[in-house]
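Observations on chain architecture
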Amino acid sequence: MIRALWFILKLAVVIAIAIWLIERPGTVSVNWLGYAIETSFTVALLIGLAALGIAALGYRLIRAILRTPGRVRRHSRARKRERGYRALTQGMVAVAAGDAPTARKMARKADGLLNEPPLTMLLSAQAAQLQGDERAAKEYFTAMLDRPETAFLGLRGLLTQAIKAGDRVEALQLARKARALQPNTPWLLGTLYDLEARSGDWAAAEGTLQQAIQAGAIPTEDGRRHRTVLLLERSFESERRGRSDSALSHAQSAHDLMPGFVPAAARLARLQVAAGKPKAAAKVVERTWRLSPHPDLADAYREVLNGYDPLTRVKLFEKLLNQAPKHVESHIALARIALEAQLWGEARDHLNRALAIEPSRRLYRLFAELERSERQDEAAARDWMAKAAAAPADPAWTCDPCNAVSHAWGGLCGHCGAFDSLDWKAPTLAPSLMEPGDAPVALAKPSAA
Ligand SMILES: [Zn+2]
């Protein structure tokens, strides 16, 4: 409706102008180069307008012709970029799919088509790694260090390579450089903490661990245990340096942080005995026994009670048993101390009670020992030893990642160097497959009597 009105209005204006011009006739004459043209003003006006229109058209045509090469250039550049990004995408997909030849081909193609070194260098490095060409990958990662926008990615690549190659010194340096660039990156804090701990830099590891927990890289509960282990290692270090006060205070902090952690309680108790505080030591062991009865704690308790005669020790060990009266470890601990005191009846009683709860290789060996000591019954002892040989392996301090068994607890695995990796569990590997000296507790220690 509005369009129709608008059209009628325009038509009216044109008609009005036409009428206005017809009502005012006049002539225009041109004398030029011997030609004489005479026409009405209206026709001259129309010719003039047509000439203007033709000139405008010609101008646009010439401009379009002049601009063509630039347009062609721009178009081909856009196409090149588009092909470059397509190659980059295909390369990334190939990396994700583990297709090394395509990844490398696409990396080269993208590199030729795109002027974006940060993007293509990373793809080239990943493609090289996929093909197992670590040296080429290292060159790309190193080249990435020159640009601020890729330096962190380059460091990450080099760090991963160093860890894979087992070069912990290099890895630690790279991780520290990376932290200087991006101090709050969770994965980096977790990695750096692990590297510092493995290298025995306990104080630095403690600081990084705190940051890693805050950044969410390590769960709070795991962090608490790691910190306990770090404190224990600091305690060992202080002792090696002859600083018994600080050795004791670190062990105390570790025990306070995790009262149920056996290595902390056992260590604290031993240091307290050495410092002339056997009563405090006994309390520490009893407190932890209630939470997690363990043979290492029984050993520590025996050291605490070293000054007493065997019969009194049996009496005092009953205090330990009262902390966890239904636990198999309580009865084994009592049986062993009774065997030492030659209280055969009491020893047999606790061994039988332990057997009713959970038979084990360790228990069969103690039965054999009892038969030999009490009755000199070699045949019965042999029967028990045969049972022991057929029984599953006893739990021991076993490294989670490498499965190696340590005869004593430590912060670092003596086999693979992992930090805080020892758990009290039955090893899954046959002892013959392990390093010498890594035999399980029950085999390495002559029943620790
Ligand atoms: Zn290990």
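Not measured: the values here are computed from a predicted model. (Residues numbered from 1 in each chain as written. Predicted model: local features only at pLDDT ≥ 70, side-chain atom pairs only at ≥ 80, totals over all residues. Heavy atoms only, no water.)

So, about the overall build of the protein chain. Counting its regular elements, the protein chain contains 20 helices and five strands. The C-alpha atoms of the protein chain give a radius of gyration of 44 Å, which is well past the 22 Å a tight globule of 449 residues would have. Seen along its three principal axes, the alpha-carbon backbone of the protein chain occupies a region of about 150 × 45 × 45 Å. Per-residue burial over the protein chain gives 39% buried out of 449 residues. Counted over contacts in the protein chain with a minimum sequence separation of 6, partners at least 24 positions apart contribute 52%. Carbon together with sulfur atoms contributes 58% to the accessible area of the protein chain, which is approximately 25800 Å² in total. A gap of 12 Å separates the mean positions of the 60 positive and 47 negative side-chain charges of the protein chain. (Helix = DSSP H or I, 4+ residues; strand = E, 2+ residues; numbered from the N terminus. Rg over C-alpha atoms; globule rule 2.2 N^0.38 Å. Buried < 20%, exposed > 50% of the residue type's maximum accessible area, 1.4 Å probe, protein only. Contact = heavy atoms within 4.5 Å. Areas by Shrake-Rupley, 256 points an atom, 1.4 Å probe, with all protein chains shown as cover. Lys, Arg positive; Asp, Glu negative; His and termini not counted. Charge placed at Lys NZ, Arg CZ, Asp CG, Glu CD.)

For the zinc ion, the full set of protein donor atoms is Cys-399 (SG), Cys-402 (SG), Cys-413 (SG) and Cys-416 (SG), at a range of 2.3 Å. Here the zinc ion is ringed by four donor atoms whose angles at the metal span 104 to 114°, and the overall shape comes out tetrahedral. The sequence pattern describing where the donors of the zinc ion fall on their chain is C-x2-C-x10-C-x2-C. You can see Cys-399 sitting in strand E3 (residues 396-399) and its partner Cys-413 sitting in the loop between strand E4 (405-406) and strand E5 (422-425), a full 14 residues away along the chain. As far as the burial class goes, Cys-399 and Cys-413 line up, both buried. (Donors = N, O, S within 2.8 Å, 3.2 Å for Na, K, Ca; no water. Tetrahedral: all angles 85-135°; square planar, octahedral: opposite > 155°, others 65-115°.)

So, about the sheet that holds E3. Ordered by their spatial adjacency, three strands build an open sheet running E4-E3-E5, and the pairing between neighbours is antiparallel. The open sheet has two edge strands, E4 and E5, and neither has a second partner. Of the strand pairs in this sheet, E3 and E4 are connected by two bridges, and their pairing is antiparallel. Looking at E4, one finds that Thr-398 is bridged to Val-405. (Pairing = 2+ DSSP bridges.)

Moving on, we come to helix H13 (residues 278-291). Between its first and last C-alpha atoms H13 spans 20 Å; for 14 residues at 1.5 Å apiece the expected length is 20 Å, and the two agree. What H13 keeps buried is the set Ala-281, Ala-282, Val-284, Val-285, Glu-286, Thr-288 and Trp-289. Next to the buried residues of H13 lie helix H11 (244-257), helix H12 (262-274), helix H14 (295-304), helix H15 (310-323) and helix H16 (328-340). (Expected span 1.5 Å × (residues − 1).)

Together, Phe-7, Ile-8, Leu-11, Ile-15 and Ile-19 give the surface a local cluster of nonpolar side chains, amounting to about 480 Å² of exposed area. The residue Ile-15 is located in helix H1 (residues 2-23) in this model. (Patch = residues over 30% accessible without salt bridge, like charges linked within 9 Å, V, L, I, M, F, W, Y side chains within 5 Å. Salt bridge = Lys/Arg side-chain N within 4 Å of Asp/Glu carboxyl O.)

Throughout the structure, instances matching the rule amount to 27 salt bridges. A salt bridge links Glu-206 to Arg-227; its shortest N-O distance comes to 3.2 Å. Of this pair, Glu-206 sits in helix H9 (residues 202-214) while Arg-227 sits in helix H10 (residues 220-240), and the two are 21 residues apart along the sequence. Between Arg-348 and Glu-374 there is a salt bridge; the shortest N-O distance is 3.0 Å. Residue Arg-348 is located in helix H17 (residues 344-357), and its partner Glu-374 is located in helix H18 (residues 361-375); the two are separated by 26 residues in the primary sequence. Residue classification places Arg-348 among the buried positions, given a relative accessible area of 19%. The class for Glu-374 is partly exposed, based on a relative accessible area of 27%. A network of salt bridges, in which partner residues are shared, links Asp-299, Arg-302, Arg-313, Arg-336 and Glu-340.

Before going further, it helps to spend a moment on the nonpolar core. The biggest cluster of nonpolar side chains holds 29 residues, and the ones touching the most others in it are Val-285, Trp-289, Leu-297, Tyr-301 and Phe-317. Within the residue set of this core, elements represented by two or more residues are H11, H12, H13, H14, H15 and H16. For this core, the leading source of residues is H12, giving six residues. Viewed by domain, this core spans two of them, domain 3 (219-306) and domain 4 (308-392), each represented by three or more residues. Ranked by size, the runner-up nonpolar core spans 25 residues in total, among them Ala-197, Leu-209, Ile-213 and Phe-261. (Core = buried A, V, L, I, M, F, W, Y, C linked by side-chain atoms within 4.5 Å. Domains from an automatic or database assignment.)

Attention now moves to the environment of Gly-112. Here Gly-112 shows up in helix H3 (residues 100-113). Residues Gly-112 and Arg-83 lie 29 residues apart in sequence; the distance between their C-alpha atoms is 10 Å.

What follows is about the environment of Gly-154. Within the element layout of this structure, Gly-154 appears in helix H6 (residues 151-165). Its relative accessible area of 0% is what places Gly-154 among the buried residues. For Gly-154 and Ala-137, which are 17 residues apart along the polypeptide, the C-alpha to C-alpha distance reads 9.9 Å. Once residues within four sequence positions are removed from consideration, Gly-154 is found in contact with Phe-141, Met-144 and Leu-145.

Mapping Asp-394 onto the fold places it in the loop between helix H19 (378-390) and E3. No salt bridge is formed by the buried Asp-394; the nearest opposite charge belongs to Arg-362, separated by 4.4 Å. At 3.5 Å, the side chain of Asp-394 forms a polar contact with the backbone nitrogen of Arg-361. Within the structure, Asp-394 has its side chain in polar contact with the backbone nitrogen of Arg-362 (distance 2.9 Å). (Polar contact = N/O pair within 3.5 Å; in protein donor to acceptor, adjacent residues only side chain to side chain.)

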